[in-house]
Amino acid sequence: MNAGWSVSPLQAALHCRCPRCGKGRLYGGYLEVADRCESCGLDLKKADSGDGPAVFLILGLGALFVPLALWVDAVWAPSKWVHMAIWVPTVLGTTLLLIRPLKAYFIALQYRHRASDSGTEDYDKDE
Ligand SMILES: [Zn+2]
């Protein structure tokens, strides 16, 4: 069976769903990938996004929030505790919000392109 490409990686990522069927949940925990898709039975143990999503978030959010914090400091010059009160929850919240769909996107792209480093070239081997 190779019905895998009916689901777009972006769609699977936004809903944190299986990269093949787009129905089963990808995660068993907050960031722990489920062993198997509950809908189509795809073996998800082979899915491994590594540090990719975290690196992209660090670089992307850093590029966004550091200039923003510098600008806020230059314009209003708030005290350090105000900076802490603004940026710690903002960065933490954004990170927690984006890490799941970003990891799901990486896994969906690895599935779509049969990325060999992640071992996903064997995703459909048992079928
Ligand atoms: Zn599935």
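What you see is a predicted model, and the numbers here were worked out from it, not measured in a lab.

### Some points on helix α3 (residues 80-113)
So, step 1. Its 34 residues place the ends of α3 46 Å apart at the C-alpha level, agreeing with the 50 Å of an ideal helix rising 1.5 Å per residue.
So, step 2. The largest bend along α3 reaches roughly 35 degrees and is located at I99, with the proline P101 sitting one to four residues downstream.
So, step 3. For α3, the set of buried residues is H83, W87, T94, I99, K103, A104, F106, I107, A108, Q110 and Y111.
So, step 4. On the buried face of α3, the contacting elements are α1 (9-14) and α2 (52-76).
So, step 5. Directly beyond the C-terminal end of α3, a positive phi value near 50 degrees is found at R114.

### Structural notes on the UniProt feature "transmembrane region" (unreviewed entry) in the chain
So, step 1. UniProt records the feature "transmembrane region" (unreviewed entry) at residues 54-72 and 84-102, using the numbering of this structure.
So, step 2. From the first C-alpha to the last, residues 54-72 spans 26 Å; its make-up is 100% helix and 0% strand.
So, step 3. Taken end to end, residues 84-102 has its terminal C-alpha atoms 26 Å apart, with 100% of it in helix and 0% in strand.

### Some thoughts on the pattern of salt bridges
When charged atoms on two side chains of opposite charge get close, those side chains can pair.
So, step 1. For the structure on display, the rule yields two salt bridges.
So, step 2. A salt bridge links R25 to E38, with the nearest nitrogen and oxygen atoms 3.1 Å apart. With R25 in the loop between α1 and α2 and E38 in the loop between α1 and α2, the pair connects residues that are 13 residues apart, well separated along the chain.
So, step 3. Accessibility expressed as a relative area gives 52% for E38, which makes it exposed.
So, step 4. Between K46 and D43 there is a salt bridge, with its nearest N and O atoms 4.0 Å apart.
So, step 5. Overall, the relative accessible area of 11% leaves D43 in the buried class.

### A few points about the nonpolar core
So, step 1. Of all hydrophobic cores here, the largest spans 14 residues; its most connected members are L26, Y27, V33, C37, L42 and L44.
So, step 2. Top element by residues in this core is α3. It accounts for three residues.
So, step 3. Setting aside chain neighbours within four positions, we find C37 in contact with C18, C21, G24, L42 and L44.
So, step 4. Core analysis: the next-biggest nonpolar cluster, separate from the first, contains seven residues, L57, L61, F65 and V72 among them.

### Side note on the side chain of R20
So, step 1. Tracing the chain through its elements places R20 in the loop between α1 and α2.
So, step 2. Judged by relative accessible area, R20 falls into the buried class, the value being 2%.
So, step 3. Separated by 3.2 Å, the side chain of R20 and the backbone oxygen of C40 make a polar contact.

Thresholds applied
- Residues numbered from 1 in each chain as written.
- Predicted model: local features only at pLDDT ≥ 70, side-chain atom pairs only at ≥ 80, totals over all residues.
- Heavy atoms only, no water.
- Helix = DSSP H or I, 4+ residues; strand = E, 2+ residues; numbered from the N terminus.
- Expected span 1.5 Å × (residues − 1).
- Bend = angle between axes of the 7 residues up to and from the residue.
- Buried < 20%, exposed > 50% of the residue type's maximum accessible area, 1.4 Å probe, protein only.
- Contact = heavy atoms within 4.5 Å.
- UniProt positions renumbered as here; feature names shortened; annotations may be inferred.
- Salt bridge = Lys/Arg side-chain N within 4 Å of Asp/Glu carboxyl O.
- Core = buried A, V, L, I, M, F, W, Y, C linked by side-chain atoms within 4.5 Å.
- Polar contact = N/O pair within 3.5 Å; in protein donor to acceptor, adjacent residues only side chain to side chain.

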